[in-house]
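Read off the chains here:
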Amino acid sequence: MASPLILALGGSLLHPEESERRAWLSSLANLLSECEVSIGIVVGGGAAARVAIELAMGRGENNLATLDEIGIAATRVNATIVSQILLDAGLDVFAGIPSDVASAVRGLEAHSVVVMGGTRPGHTTDNVAIRLAIEAKAARCLIATNVAYVYSSDPSVDEGARPIESMTLSELQTIVGPPVHGKAGGSSVIDPIGVQAAIDNNLPLAVLDGREIDRIADALSGKPFVGTRVEVG
Ligand code: UTP
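Enquirer: I'd like to hear about the overall build of the chain, residue by residue, with values.
Expert: On a plain count of helices and strands, the chain comes out with eight helices and nine strands. Scaling as 2.2 N^0.38, a compact globule of 233 residues should have a C-alpha radius of gyration of about 17 Å, and the chain matches this with 17 Å. Its C-alpha atoms give the chain principal-axis dimensions of about 40 × 40 × 35 Å. In the form shown here, the chain has an accessible surface area of approximately 10,800 Å², with 51% of it arising from carbon and sulfur atoms. Charge separation in the chain, taken as the distance between the mean sites of 16 positive and 27 negative side-chain charges, equals 3 Å.

Enquirer: A description of unusual backbone geometry should follow, citing residues and the corresponding values.
Expert: One non-glycine residue, K137, lies in positive phi territory at about 60 degrees. With respect to the helices and strands, the residue K137 is situated in the loop between α5 (125-135) and β4 (141-145). Backbone geometry at N202 places phi at a positive 55 degrees, although glycine is not the residue there. Along the chain, N202 turns up in the loop between α7 (192-200) and β8 (205-209).

Enquirer: Outline the site of the ligand, listing residues and values.
Expert: Around the ligand sit 20 residues, and of these G45, D68, R120, T125 and G185 come closest. Here an oxygen atom of the ligand sits 2.8 Å away from a polar atom, N or O, in the main chain of T119. Here a nitrogen atom of the ligand and a backbone polar atom of R120 are 2.7 Å apart. For the ligand, whose accessible area on its own is 560 Å², the fraction buried by protein is 88%. When contributions to the shell around the ligand are tallied by element, the ones reaching two or more residues are α3 (64-88) and α5. Among the elements that take part in the shell around the ligand, α3 stands out by supplying four residues, more than any other. Looking at side-chain class alone, the shell around the ligand contains four nonpolar, 14 polar and two charged residues.

Enquirer: Now, about the packing of aromatic side chains: what can you tell me, with residues and values included?
Expert: This model, assessed by the stated rule, comprises one aromatic pair. Ring plane angle 90 degrees and centroid distance 6.4 Å describe the contact between Y149 and Y151, whose orientation is recorded as edge-to-face. Taking the relative accessible area as the measure of exposure, Y149 reaches 17% and is therefore buried. The exposure class assigned to Y151 is partly exposed, which follows from its relative accessible area of 22%.

Enquirer: Explain the pairing of β8 to me, using residue names and the numbers behind them.
Expert: Judged by how many residues are buried, β8 sits mostly within the fold: five of five residues are covered. The side-chain alternation of β8 yields two buried faces, one formed by L205, V207 and D209 and the other by A206 and L208. Examined bridge by bridge, β4 and β8 share five bridges and lie parallel to one another. Opposite L142, over in β8, you have A206 as the bridge partner. As defined by bridge partners, β8 adjoins strand β9 (residues 228-231) across three bridges and the pair is classed as antiparallel. Bridge pairing in β9 links L205 to V230.

Enquirer: Run through helix α8 (residues 213-220), naming residues and quoting values.
Expert: For α8, the full list of buried residues reads I213, I216, A219 and L220. Down the axis, α8 shows its buried residues gathered within 125 degrees of arc, on one side only.

Enquirer: Explain the environment of A73 residue by residue, including any values.
Expert: As for its position among the elements, A73 is in helix α3. Through-space distance from the C-alpha of A73 to that of L87 is 21 Å; in sequence the pair is 14 residues apart.

Enquirer: Outline the pairing of strand β3 (residues 113-116), supporting the account with residue identities and numerical values.
Expert: Burial along β3 is two-sided: V113 and V115 and V114 and M116, pointing in opposite directions, are all buried. Pairing between strand β2 (residues 39-43) and β3: four bridges, direction parallel. When the sheet's bridge partners are listed, I41 is paired in β3 with V115.

The rules behind each value
Residues numbered from 1 in each chain as written. Predicted model: local features only at pLDDT ≥ 70, side-chain atom pairs only at ≥ 80, totals over all residues. Heavy atoms only, no water. Helix = DSSP H or I, 4+ residues; strand = E, 2+ residues; numbered from the N terminus. Rg over C-alpha atoms; globule rule 2.2 N^0.38 Å. Areas by Shrake-Rupley, 256 points an atom, 1.4 Å probe, with all protein chains shown as cover. Lys, Arg positive; Asp, Glu negative; His and termini not counted. Charge placed at Lys NZ, Arg CZ, Asp CG, Glu CD. Near = heavy atom within 4 Å. Polar contact = N/O pair within 3.5 Å; in protein donor to acceptor, adjacent residues only side chain to side chain. Nonpolar A, V, L, I, M, F, W, Y, C, P; charged D, E, K, R; others polar. Phe/Tyr/Trp six-rings, centres within 6.5 Å; stacked < 30°, edge-to-face > 60°. Buried < 20%, exposed > 50% of the residue type's maximum accessible area, 1.4 Å probe, protein only. Pairing = 2+ DSSP bridges. Arc of directions from axis to C-beta.

In structure tokens form, the structure reads like this:
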């Protein structure tokens, strides 16, 4: 059986606006219905996670694991939304949202699509997707987010930030920093813990703008895509 494809969907891709969200997810469903191998999707928490974590911090909660659990709850709600829309589109989706990577791998053996969110405190869904790609023996982990590339520095604060089309995992680690989970609702382009896992397991990554469904389509089908290829090294 061909190896599955693994796709992380940043929570920011799930528009709060229901009609926009449905339109984007319908395009994604069309794309997935044409995939010839099974696909694991890991969904981030987006605005729901950020708002809920900030509310908890605002009333004095500072236990990192407790804040992480709030973020995980948001990722699982978002995963449920994605799963329901893909089921509605007629795809063969694993019933339920696996709460660990091993269950998701088993789901991929029997279904065309498995959708999951976070698993346990201490990292973000980037790391879940990377672990799923490793365990499911995927050739690459695709990370769809709301920026077009990995940049040489944060483009929201540095006008000189340069988009990078191709880089190594070690170069990515230099940008995201050491594999530490310092805060709930993290802000790095890719979770540094996931980058370390990719380095340890020789897993290439692809980072792209998930708002552009064509870019996801190109990357899933192994064609050249607009975004950043992160190769082993
Ligand atoms: P996200 O995966 O959405 O991470 O999980 P993020 O980096 O904050 O958001 P994006 O990638 O920019 O969209 C939201 C939060 O939930 C917790 C973490 O606190 C994370 O920041 N979380 C998530 C976990 O603790 N474990 C998980 O497996 C997933």
